[in-house]
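Chain by chain, the residues:
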Amino acid sequence: MSKVDSKLRPESILIHGAQEPDPITGSRAVPVYLTTAYQFNDTEHAAGLFELNIPGNIYTRLQNPTSDIFERRMAMMDGGAGALAFATGMSAILVGIMLIAKCGDEIITCDNLYGGTYSLFVNTFKKMGIGVKFVKSNDVDAIQKAITDKTKCVYAETIGNPKLDIADLEALSNAAHKNGIPLIVDNTVAPYILRPMDFGADIVVYSATKYIGGHGNVMGGVLVDSGKFDWSSGKFPLISDPEPSYHNKDFIKAFGNLAYIAKARTTLMRDMGPAISPFNSFMMLNGMETLHLRMKKHCDNAFEIAKFLQKHPKVSWVNYPGLEDSPEKERVKKYLPDGAGAMIGFGVKGNKVSGKEAGRSFINSLELISHLTNIGDTRTLATHPATTTHQQLSEEAQAANGVTPDYIRLSVGIEDAQDIMEDIDQALSKVK
Ligand code: PLP
């Protein structure tokens, strides 16, 4: 970290972290290095790079100067030691777990996961022979009981979706650490406003596609490593064993507290290839520069809209963790004092129609709010999980995921809150 970097406060990290003006061109913005490969000085230099004995760039699947600034800035934002950027959030999650768990191993996770992650765990991991045990979110006793010798991590999301409950990170990390395993946390929905590593998380994963990019126009993912977890206990041979593809290199000896992230880059990224485009890293850096302002506005708007929905005669229930009467109140105070995120769940009252029909009618009447399955856009977005993301599940399975037939999920944007409320109001007025 440079002298300037080490002094930066959080808001300045988002704008300046890990970057100096380009020494050759003077370019103040981060240049987009659209190159596939990097010229070696000579054969000795090339061999040293390939042996991982000297740092430097080989090929953009492994390293890129634009992505490097994005990665280091993400690590600085979260108080981590290192980071690796990916093409998508899903690929970051996949690699993050494959680095420590293989066929025959297990992970423990919660019942409130994003649907794509749930599918990765129950379908693809099953085919790969990685066992996944689901426990009720925040049930630390159940986690303790579920951990066996085969368990390689506890995996949680900071704000569950669609349940919108807040992970008790301190309790989860204590439970994991007591058993010598790391806590991996998906913090997609609360970047900047929550630093999971401050509460014991060892690895933090992001879909940067959401708030970090922030404008609904670019995809990416990130793994951030705290650098604090001890991988040398013998429980993590995928990290600590000699690596045959680098002449049996000992990654812990060679890379110290960056062994996990170095292994991610030089083995799984090398072999599976879900690298972020340098252009997308540039877009993510642009997003980061205003992340603090946007997160505040997202949260302020969400709070106002949740209160508006609570008073609306056509709304039967509202789930927003920041509301005074939310069961999440204490955890919000501890983990999200500056704003409880921008996701709201609510139910539309259907008088003569079912909750499902009422939800459908509401969505079809929206004019400003977009009907699509994404979150973290500047624009306010709405989905009706019962007819979209969760339609393949039975009603019982939907209920177990917190998806009632009338459930509407809003990802509140940063428009004028009044405009969002007026659109909600006119759409609710059309629900018969
Ligand atoms: N994690 C969470 C919490 C998400 O909401 C998503 C996407 O919606 C992902 C991970 C996956 O990210 P991506 O769509 O960038 O692959």
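Residues numbered from 1 in each chain as written. Predicted model: local features only at pLDDT ≥ 70, side-chain atom pairs only at ≥ 80, totals over all residues. Heavy atoms only, no water.

*Asks:* Honestly, the overall build of the chain in this entry has me stumped. Any pointers?
*Replies:* When you go through the chain residue by residue, the secondary structure sums to 17 helices and 12 strands. Here the chain has a C-alpha radius of gyration of 22 Å; the compact-globule value for 432 residues is 22 Å, and the two agree. Expressed along its principal axes, the backbone C-alpha trace of the chain runs to roughly 75 × 55 × 35 Å. Counting the 432 residues in the chain, one finds 53% classified as buried. Accessible surface, the chain: about 18600 Å² in total, of which carbon and sulfur atoms supply 53%. The averaged location of the 49 negative side-chain charges in the chain is 2 Å from the averaged location of its 44 positive side-chain charges. (Helix = DSSP H or I, 4+ residues; strand = E, 2+ residues; numbered from the N terminus. Rg over C-alpha atoms; globule rule 2.2 N^0.38 Å. Buried < 20%, exposed > 50% of the residue type's maximum accessible area, 1.4 Å probe, protein only. Areas by Shrake-Rupley, 256 points an atom, 1.4 Å probe, with all protein chains shown as cover. Lys, Arg positive; Asp, Glu negative; His and termini not counted. Charge placed at Lys NZ, Arg CZ, Asp CG, Glu CD.)

*Asks:* Quick question: what am I supposed to make of the environment of alanine 29 here?
*Replies:* One can find alanine 29 in the loop between helix 2 (10-16) and helix 3 (43-50). Judged by its relative accessible area of 48%, alanine 29 is partly exposed. Expressed as a C-alpha distance, the spacing of alanine 29 and glycine 129, which sit 100 residues apart in the sequence, is 45 Å.

*Asks:* Explain the pattern of salt bridges here, please?
*Replies:* Opposite charge on two side chains permits pairing when their charged atoms draw close. Within the structure shown, the criterion is met by 16 salt bridges. Here glutamate 71 makes a salt bridge to arginine 265, at a shortest N to O gap of 2.8 Å. Of this pair, glutamate 71 sits in helix 4 (residues 65-78) while arginine 265 sits in helix 11 (residues 259-272), and the two are 194 residues apart along the sequence. Arginine 265 shares its class with glutamate 71; the two are buried. The salt bridge partner of arginine 379 is aspartate 377, with a shortest N-O separation of 2.7 Å. (Salt bridge = Lys/Arg side-chain N within 4 Å of Asp/Glu carboxyl O.)

*Asks:* In this structure, what is going on with the sheet that holds strand 12 (residues 407-411)? I would like to understand it.
*Replies:* Strand-to-strand pairing in sheets goes through backbone hydrogen bonds, with the strands running parallel or antiparallel. Strand order in this open sheet of five strands is 8-9-12-11-10, and the pairing throughout is mixed. Across the chains shown, the open sheet's two edge strands, defined by having one partner strand only, are strand 8 (315-319) and strand 10 (370-371). Across two bridges, the pairing between strand 10 and strand 11 (residues 381-383) is parallel. Looking at the pairing, histidine 371 lines up with alanine 382 of strand 11. Of the strands in this sheet, strand 8, strand 9 (343-348) and strand 12 are in contact with helix 13 (residues 291-311), which crosses strand 9 at around 15 degrees. (Pairing = 2+ DSSP bridges. Contact = heavy atoms within 4.5 Å. Axes fitted to C-alpha atoms, helices over the stretch in contact; angles between N-to-C directions.)

*Asks:* Looking at this model, I keep getting lost on the pairing of strand 3 (residues 131-135). Mind explaining?
*Replies:* Two faces make up the sheet, and in a regular strand the side chains alternate between them. In this sheet, strand 3 lies alongside strand 2 (residues 106-110) in parallel orientation, the contact comprising five bridges. If you follow cysteine 110 over to strand 3, its bridge partner there is valine 135. This β-α-β element, strand 2 to helix 6 (residues 115-128) to strand 3, shows right-handed connectivity. (Right-handed = clockwise from strand over helix to strand, strands pointing away.)

*Asks:* Could you clarify how one ought to interpret the environment of serine 233 in this entry?
*Replies:* Here serine 233 is to be found in the loop between strand 7 (221-225) and helix 9 (237-240). Each C-alpha atom, one on serine 233 and one on glycine 345, is 43 Å from the other, the two residues being 112 residues apart in sequence. Within polar-contact distance, the side chain of serine 233 engages the backbone nitrogen of lysine 235 at 3.3 Å. (Polar contact = N/O pair within 3.5 Å; in protein donor to acceptor, adjacent residues only side chain to side chain.)

*Asks:* How should empty space enclosed by the protein be read in this particular structure?
*Replies:* The probe, sized like a water molecule, is rolled over the atoms to show the empty space still left. Taken as a whole and assessed by the stated rule, the structure comprises three cavities of 30 Å³ or more. The space that makes up the largest cavity amounts to roughly 70 Å³. Taken together, 13 residues line the largest cavity, and the ones lying closest to its centre are Thr60, Arg61, Leu62, Glu71 and Ala85. Mapped onto the lining of the largest cavity, the elements with two or more residues apiece are helix 4, strand 1 (82-86) and helix 11. (1 Å grid on protein atoms, 1.4 Å probe; cavity = no way out; pocket = protein on both sides within 12 Å on 5 of 7 lines; lining within 4 Å. Points joined across faces, edges and corners; volume = space filled by probe spheres on them.)

*Asks:* Mind showing me how you'd approach the sheet that holds strand 2 here?
*Replies:* With respect to topology, seven strands assemble into an open sheet ordered 1-7-6-5-4-2-3, the strand pairing being mixed. Each of the sheet's edge strands pairs with one partner strand only, and the pair in question is strand 1 and strand 3. Neighbouring strand axes in the sheet, compared pairwise and without regard to direction, differ in orientation by 20 degrees on average. For strand 6 (residues 203-207) and strand 7, the ladder comprises five bridges, and the chain directions are antiparallel. Across the sheet, the residue bridging to valine 205 is leucine 223, located in strand 7. Seen against the sheet, helix 8 (residues 169-178) touches strand 4 (151-157) and strand 5 (183-186) and runs at an angle of roughly 150 degrees to strand 5. Packed on one face of the sheet, helix 11 meets strand 1, strand 6 and strand 7 and runs near 30 degrees to strand 1.

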